[in-house]
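# Descriptive structure summary
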Amino acid sequence: MRRLYLNRYCPIILLLLAVICGNVYALQGSTAADGSNAQAVHELGITGAGINIGLISARNVRNTHEAFDDSSGVHVFNSDYSASGVDYTGGSVPGHDTWVAGIIASRGWTGYLNNIGVSPDCNLYSARVVNDSGGILPSYVEDALEALIDTNNCKVIVTAIALDGDADGSSDYSLMYDYFANTRDVVFALASGNNSSNPHIFGDIYNGITTAALIDEPNDFYLRVGSISNPGPTIDGRNKPEISCPGSSQTTTSIGSNTSYYTTVKDGATSFAVPQTGGVAALLLEYANQTTDLSDSHNEVIKAVIINSTFPNILDKSGNFTDPTNQTWHSQRGYGRIDAYRAYLTLSAGKVTAGTSVNSMTGWAYNTLSGSQTHTYFINAQRRERLVLTVSWNRDVTREWKSKPWLYWKYYDEETPRFNIDITITYPSDPCDIIVYSETDALNNLTKIDILLDLTGEYEITLTNTTTKTRDYGLAFELLPSLIGDFNIDYTVDECDLSRIALEWLTAGVEADIIPDDNHIVNWRDFTAFADNWLKIDNRYFTP
Ligand SMILES: [Ca+2]
Ligand SMILES: [Ca+2]
Ligand SMILES: [Ca+2]
Ligand SMILES: [Ca+2]
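Keep in mind that what you see is a predicted model, and the values were worked out from it rather than measured. (Residues numbered from 1 in each chain as written. Chains lettered and ligands numbered in written order. Predicted model: local features only at pLDDT ≥ 70, side-chain atom pairs only at ≥ 80, totals over all residues. Heavy atoms only, no water.)

## Focus on the coordination of the calcium ion (ligand 4)
- Around the calcium ion (ligand 4), the protein contributes the donor atoms D513 (OD), I515 (O), I521 (O), D526 (OD) and D526 (OD), which lie 2.2 to 2.7 Å from the metal centre.
- When the donor residues of the calcium ion (ligand 4) are listed from N- to C-terminus, their spacing reads D-x1-I-x5-I-x4-D. (Donors = N, O, S within 2.8 Å, 3.2 Å for Na, K, Ca; no water.)

## Examining the pattern of salt bridges
- What the rule picks out here adds up to 22 salt bridges.
- A salt bridge links R342 to E478, with the nearest nitrogen and oxygen atoms 2.6 Å apart. Within this pair, whereas R342 is found in helix 9 (residues 340-348), its partner E478 is found in strand 25 (residues 471-480), the two being separated by 136 residues in sequence.
- A salt bridge links R525 to D517, with the shortest nitrogen-to-oxygen separation between them at 3.5 Å.
- D517 sits in the partly exposed class, given a relative accessible area of 26%.
- When salt bridges with common partners are traced through the structure, they connect D178, R395, D413 and R418 into a single cluster. (Salt bridge = Lys/Arg side-chain N within 4 Å of Asp/Glu carboxyl O. Helix = DSSP H or I, 4+ residues; strand = E, 2+ residues; numbered from the N terminus. Buried < 20%, exposed > 50% of the residue type's maximum accessible area, 1.4 Å probe, protein only.)

## A closer look at the coordination of the calcium ion (ligand 2)
- Within the protein, the calcium ion (ligand 2) binds to N420 (OD1), I421 (O), D422 (OD), E439 (OE), E439 (OE) and D441 (O); these donor distances fall in the range 2.2 to 2.9 Å.
- What the six donor atoms of the calcium ion (ligand 2) show is an angle range of 46 to 163 degrees at the metal, which sorts the shape as irregular.
- Along the chain, the residues donating to the calcium ion (ligand 2) are arranged with the sequence spacing N-I-D-x16-E-x1-D. On the criterion of sequence distance, the pair formed by D422 in strand 21 (residues 421-427) and D441 in the loop between strand 22 (434-438) and strand 23 (446-452) is long-range, its members being 19 residues apart.
- D441 sits in the partly exposed class, given a relative accessible area of 27%. (Tetrahedral: all angles 85-135°; square planar, octahedral: opposite > 155°, others 65-115°.)

## Side note on helix 9
- Considered for burial, the residues of helix 9 that qualify are A340, A343, Y344, T346 and L347. All buried residues of helix 9 fall inside an arc of 165 degrees around its axis, so they share one side.
- Looking at the buried residues of helix 9, the elements they touch are helix 3 (38-42), helix 7 (274-290), helix 8 (299-308), strand 16 (362-369) and strand 25.
- G350 sits one or two residues past helix 9 and shows a positive phi near 105 degrees. (Arc of directions from axis to C-beta. Contact = heavy atoms within 4.5 Å.)

## Re the sheet that holds strand 18 (residues 386-392)
- A sheet is described by the order of its strands in space; here four strands give the open sequence 16-25-18-23, paired in antiparallel fashion. In this open sheet, the two edge strands, each paired with only one partner strand, are strand 16 and strand 23. On average, adjacent strands in this sheet sit at an angle of 15 degrees to one another, irrespective of strand direction.
- Both strand 18 and strand 25 contribute to a ladder of seven bridges, which runs antiparallel. From the neighbouring strand, V388 faces strand 25, where its bridge partner is E478. (Pairing = 2+ DSSP bridges. Axes fitted to C-alpha atoms, helices over the stretch in contact; angles between N-to-C directions.)

## Description of the domain arrangement of the protein chain
- Once the domains are mapped, the protein chain shows domain 1 (4-341), domain 2 (349-480) and domain 3 (483-544).
- Counting residues at the interface gives 35 residues for domain 1, matched by 36 residues for domain 2.
- Taken over both partners, the interface formed by domain 1 and domain 2 buries close to 3000 Å², and the fraction arising from carbon and sulfur atoms is 51%.
- By the criterion of area lost to domain 2, the three top residues of domain 1 are Y206, E300 and N308, representing 23% of everything that side buries.
- We note a salt bridge from K351 to D293, for which the minimum N-O separation is 3.2 Å. (Domains from an automatic or database assignment. Buried area = accessible area lost by both parts, 1.4 Å probe.)

## Observations concerning the environment of E43
- With respect to the element layout, E43 can be found in the loop between helix 3 and strand 2 (52-57).
- Remark: the alpha-carbon pair of E43 and D172, spanning 129 residues in sequence, is separated by 41 Å.

## Structural notes on the sheet that holds strand 21
- A sheet is described by the order of its strands in space; here five strands give the open sequence 15-17-24-21-22, paired in mixed fashion. Of all strands in the sheet, those bounded by a partner on one side alone are strand 15 (357-358) and strand 22.
- One ladder, built from four bridges, connects strand 21 with strand 22; its direction is antiparallel. Residue pairing in the sheet places Y427 in a bridge with I434 of strand 22.

If you want it as structure tokens, here you go:
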């Protein structure tokens, strides 16, 4: 039996802090523009309807809570499967799973009308995997996954619990999770865990999205990693957690009664961040179900789209900038804060195809690479734009039924070398085919690139399968224009840029020629355009 982590302080301390914080109703803030930005997707009428989410729980959820019921009925269920019967109040871990469920699926109630979860119209199925004495076995988890995925058709699995042990992707639990994610094509949202120097088991799987926790300082601005959120990499060196999500000041459903609430505290508990990831995945899947294209709902695509659209300018635990322009992945914040609306914009921009010229600013792809094959995407971009691109694929875990004396499935890691895609970006308009970017990392099953482009033209993004295996992959990309007038590209328009105007005044064919009329010289028209952008910043990359 492994030790179970619920990643929080003792309930008494939490309750005291909740009382001090008062009725913040800040589940609303955590889903607003400076949180997960799920509200912007809700405003489009996308609320998780028709999507079933599974929750791997230590106890059952108080699904009779008023926030889970409205005129359309109860939508949170405890799965028939249970390791030891229906019980949400007993044992040493009361409350945890009801708090998590509320962040996903609360519909608000009298006095808490703004207390809406990330995916309020999903159906949430909770499956308990921990027995009354706190024990957990692979067979409990396996039964739960089969109940959630195969019986209840869950397309997202949220796991807010974590286990100790070697979190290098090799445990029975991690292999099992990757098997189900890949073979059932399900999005797995994992907590990075708390109070350790690396992600815990479940947060170490290959085929999911591991989540760090952000706290809101100041209130409702989720800009800093919480102190107890586990940083990466995994102990085998992989870039996890991939993203960070709001995990504090969320007023959510509580266990005490059908009308009691609890507010998460500002400590970085990843249990209360990972439900944001799962809820956002459900929103994207609801959208994908409305389109005729069948490939936009694959877990590789949803993962690539979410990770590609993150907001990178997050402070670390000490309040220092994480330097988003010089590194895409950071050990504490991952690739950045989730942004449901920007992920939606990428998914809804449509599919791009290998071998054809792409003129859109954002989009995604889903494709299959056979052994040693390459795919090339041609993306037209302007100089000074940032190219942000993510490619993701699954580890291929297999299983075999072991009869007597075992009577269980045995899971096997993919044979080495595991499938790998290497990415090279070239600028072919130059006679030398300038290599803009290249990587040979064979450890991670996801690559995210975020680079500043020096030249205007068509860029060739070549994906090379370095193995003899065949595998599907998801790709997402976005071009981010620079601010008008930000000539030195420090993501703010200020006196440094003004001096460039002065230096190039009445000169032709120079950087400060914002509006290329009047023989391409820098004159009052350019200055007017410049003044209109004075002191603007791009807060995704700006570092004071
Ligand atoms: Ca679709
Ligand atoms: Ca690679
Ligand atoms: Ca500037
Ligand atoms: Ca001009």
